[in-house]
Amino acid sequence: MNGTEQNPPIERVIKLGCVPRLVSFLPQAGNPKLQFEAAWALTNIASGNSDQTMVLLQFVRPIPIPSLSPHILFSRYLYLLQTI
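Conventions and cut-offs
Residue numbers run consecutively from 1 along every chain, following the written order of its sequence. Under the rules for a predicted model, residues below a pLDDT of 70 receive no local features and side-chain atom pairs below 80 are neither given nor counted, while totals for whole chains, interfaces and linings still include all residues. Based on all heavy atoms of the structure, the side-chain values leave hydrogens and waters out of the count. Numbered from the N terminus, helices here are DSSP runs of H or I no shorter than four residues, and strands are runs of E no shorter than two. We call a residue buried when its accessible area falls under 20% of the maximum for its residue type, exposed when it is over 50%, and partly exposed in between, using a 1.4 Å probe and counting protein chains only. Note on contacts: a residue pair qualifies if any of its non-hydrogen atoms lie within 4.5 Å across the two residues. Side-chain rings of Phe, Tyr and Trp, where Trp is taken by its six-membered ring, are said to pair if the distance between their centres is within 6.5 Å; with planes under 30 degrees apart they count as stacked, over 60 as edge-to-face, and otherwise as tilted.

1. Quick notes on the overall build of the chain
Secondary structure assignment for the chain yields 5 helices and 0 strands. Walking the chain from its N terminus toward its C terminus, one meets helices and strands in the order α-α-α-α-α. Buried positions account for 38% of the 84 residues belonging to the chain. Contacts in the chain between residues at least 24 apart in sequence constitute 64% of all its contacts with a sequence separation of at least 6.

2. Focus on the packing of aromatic side chains
Counted by the stated rule, this structure contains 1 aromatic pair. Seen in terms of ring centroids, Phe36 and Trp40 are 5.4 Å apart; in terms of plane orientation they differ by 50°. Their pairing is tilted. In this pair, Phe36 and Trp40 are both assigned in helix H3 (residues 32-46), 4 residues apart and thus about one turn of the helix distant. In this structure Phe36 comes out as buried when scored by relative accessible area, which is 17%.

3. So, the environment of Leu57
As for its placement among the helices and strands, Leu57 is situated in helix H4 (residues 50-57). Looking at Leu57, the relative accessible area reads 40%, which means it is partly exposed. Each C-alpha atom of the pair Leu57 and Ala46 lies 9.4 Å from the other, and the pair is 11 residues apart in sequence.

Next comes the structure, spelled out in structure tokens:
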């Protein structure tokens, strides 16, 4: 699920149980590319229907600012939280 997909497979990602794993990638400050891609996928899920968005509320928690790279902090993560 990346930014180039017109219809991201939101329901499939949820049913496969990938949401907790994607969330676990967010605080990995040593890998900003992984953080960015995980946040992008989670943002796609947040932009789905209300049931899909509710799945995120079970797993997404605020992450301490120092554990986020500036790249993700100012783009995807904040947008993800706004979308929820």
